[in-house]
Amino acid sequence: MAHQSELIEQDILAYLKSHEEKSLLRFITCGSVDDGKSTLIGRLLWDSKMVFEDQLASLEADSKKVGTQGGAIDYALLLDGLQAEREQGITIDVAYRYFSTDRRKFIVADTPGHEQYTRNMITGASTAQVAVILVDARKGLLTQTRRHSFLVSLVGIRHIVLAVNKMDLIDFDRQKFEAIRQEYEQFAANLGFGDITAIPLSALGGDNMIEPSANTPWYQGPTLMNYLETVRIEGEDREKPFRMPVQWVNRPHLDFRGFCGTVASGVIRPGDELLVASSGRSSRVARIVTMDGDLPEAVAGQSVTLTLTDEIDISRGDMLSAPDSPPIHARHPEAHLVWMHDTPLQPGQIYLVKTATTVTPGRITSVQYAVDVNTLEQKQVPTLGLNEIGVARLELDRPISFDPYRQNRQTGSFILIDRFTNATVAAGMILAAAPLEPQTEGYRPEPSGPENGFPRRISLSEASVSGAGVSVVDLTGETGIFEFDVSASFLEYLGKGNRILFRLRDLEQLPAVAAMAHEQALSFEFDRTAYGVSILLFKRSTRSGSESPDDGGTGI
């Protein structure tokens, strides 16, 4: 087995207790095809002694039959178990493996490198805390390396290992390694990673996998195993505001009513105040109940039952939260969507939106843009196809409670389900409430009126409107006639695929916005909501020649 311990012979209960108290790290390997992902994990399993005797015998036989190492041990076969994977020498499905060392337990997901299996890769990355991105030292960064790096950033992974593999095939050249490291760090500068650790290694030969390699005396950083054992991931969810989606209301008799669920983030103790996000009602925690007895506190990841001091209406799907930092409660979230079905997205069609503990009918009202994951550019599209990623706006039948995904992965994610086939068609990561709702802030010009009969001039630039998601220009405070001064940076900002929402006080302000859009060859969509009149301004791409603008049937 993995780690030999004298406690196994001396005190088995103490050994099991120490094993139980180890922290758990989930990580994935990703990158382009043939970069050595499966071989790397197989080598980790081999070196950590997590290969049983029957597996070893099977591995030796399979290596001679379908291996790629000329009869020698092919570590990749420990992961690639499907017949199609062994025949083609590629990874198709996500393979999960468990192993442990004296310091930590691990669950690793081996994800496929082919573009057509992007949905499989997203599935494996959705629960990971660390991403090991492999690069073939001979080839450097490839398109799929950039694609997977973007996807990793999209699902919220902040700890990155840049594993420059197959260093033995370039004679452990330090200059090539440094060039790859610098190129990757430059590419990933805008992806929001917390830390990037580059490691030169050879998965097949074991260089810098467990022990420092004599072939890289110039490298003074951690080995791969040392990094995985020491990277700090504990406490990240504990430090966030308290969230617990209610999964079940436990009412066994008249004297007990408990609210069951898994703590998504934060810490809760008896006596702490809680807020029900949907109703705004609050109460205090009376007890934290578990099968093993009451707890003095509950932390992220624990499944508990909370009893409250007050009788308030709470149902399955409600979210209990800290009163000083409640989640967003709205019907119109805006989110990144990863489309995972052969049938393209149908805007307006009703899907089932499944969040943590609730399922709500909803529809995609519009696809704001798609992301070219090879170049990270935004492009205007009417729909999303298989493995495509974009930003879309949803309209739900009833409000739900959520956080932006970058703040809380547990309460900011959802899946879309086809109502008729029950197939999961998309995975979503919420950016914010859609800008038609009052949660979004933006540029608000100072209220003013006409002076000396001349209209007020409002300057529009990228600096005045740029922001996360859809930027907002709030004109509800304008009382007089106004016109716009449009800068080149403002038009360039729209040309990149960004959208800007103009909030109007009434329809009398519409001509000024429409005139500006006409002068600058921009498109807009009109909407009237409970919050007033809004205009969504954007720039659509056009076809070559004399064809009409490619507006996908919407916009003006």
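Model, not experiment: these values are computed from the prediction.

Novice: Please clarify how the sheet that holds strand β3 (residues 104-110) should be interpreted in this entry.
Specialist: Across a sheet, paired strands are connected by hydrogen bonds in the backbone, their directions being either parallel or antiparallel. Here six strands make up an open sheet; going across it, the order is β2-β3-β1-β4-β5-β6 and the pairing mixed. The sheet terminates laterally at β2 (95-100) and β6 (195-200), the two strands that pair on one side only. Going from strand to strand, the sheet's axes swing by 25 degrees on average, the running direction of each strand aside. Where strand β1 (residues 23-31) and strand β4 (residues 130-136) come together, five bridges link them in parallel fashion. Bridged to threonine 29 within β4 is valine 132. The sheet contacts of helix α6 (residues 118-125) involve β1, β2 and β3, and relative to β1 the element is tilted by about 160 degrees. Together, β4, β5 (159-165) and β6 form the strand contacts of helix α8 (residues 174-187), whose direction differs from that of β5 by roughly 150 degrees.

Novice: Would you explain unusual backbone geometry in this entry?
Specialist: What you tend to see is this: most non-glycine residues have negative phi, and most peptide bonds are trans. At aspartate 171, a position not held by glycine, the phi torsion is positive, near 60 degrees. Checked against the element boundaries, aspartate 171 lands in the loop between β5 and α8. Of note, the phi angle at asparagine 422 is positive, near 65 degrees, even though the residue is not glycine. Note that asparagine 422 resides in the loop between β23 (413-417) and β24 (424-433).

Novice: Help me understand the environment of serine 32 in this model?
Specialist: Tracing the chain through its elements places serine 32 in the loop between β1 and α3 (37-47). With 111 residues separating them in the primary sequence, serine 32 and threonine 143 have C-alpha atoms 7.8 Å apart.

Novice: Would you mind showing me how to read the pairing of strand β21 (residues 389-396) here?
Specialist: It is a general feature of regular strands that their side chains alternate between the two faces of the sheet. Taken across its eight residues, β21 has seven buried, putting it largely inside the fold. Bridge count for strand β17 (residues 333-339) against β21 is five bridges, and the pairing is antiparallel. Of the residues in β21, the one forming a bridge with glutamate 334 is arginine 393. Bridge count between strand β19 (residues 359-372) and β21: eight bridges; the pairing is antiparallel. Pairing of valine 371 across the sheet is with isoleucine 389, part of β21.

Novice: Before we go on, may I ask you to explain helix α11 (residues 488-495) in this structure?
Specialist: Three- or four-residue spacings in an α-helix give side chains the same orientation, since the helix completes a turn every 3.6 residues. Residues of α11 that are buried: Phe490, Tyr493 and Leu494. Angularly, the buried residues of α11 cover 95 degrees about the axis, an arc narrow enough to put them on a single face. Projecting away from the buried face of α11 at angles above 90 degrees are the exposed residues Ala488 and Gly495. Note on α11: the residue one or two positions beyond its end, glycine 497, has a positive phi of about 100 degrees.

Novice: What is the right way to look at α6 in this model?
Specialist: Counting buried residues in α6 gives six out of eight residues, a clear majority hidden from the surface. Turning to α6, its buried residues number three or more, namely Thr118, Asn120, Met121, Ile122, Gly124 and Ala125. In this structure, the buried side of α6 is in contact with β1, β2, β3, α7 (143-154) and β17.

The rules behind each value
- Residues numbered from 1 in each chain as written.
- Predicted model: local features only at pLDDT ≥ 70, side-chain atom pairs only at ≥ 80, totals over all residues.
- Heavy atoms only, no water.
- Pairing = 2+ DSSP bridges.
- Helix = DSSP H or I, 4+ residues; strand = E, 2+ residues; numbered from the N terminus.
- Axes fitted to C-alpha atoms, helices over the stretch in contact; angles between N-to-C directions.
- Contact = heavy atoms within 4.5 Å.
- Buried < 20%, exposed > 50% of the residue type's maximum accessible area, 1.4 Å probe, protein only.
- Arc of directions from axis to C-beta.

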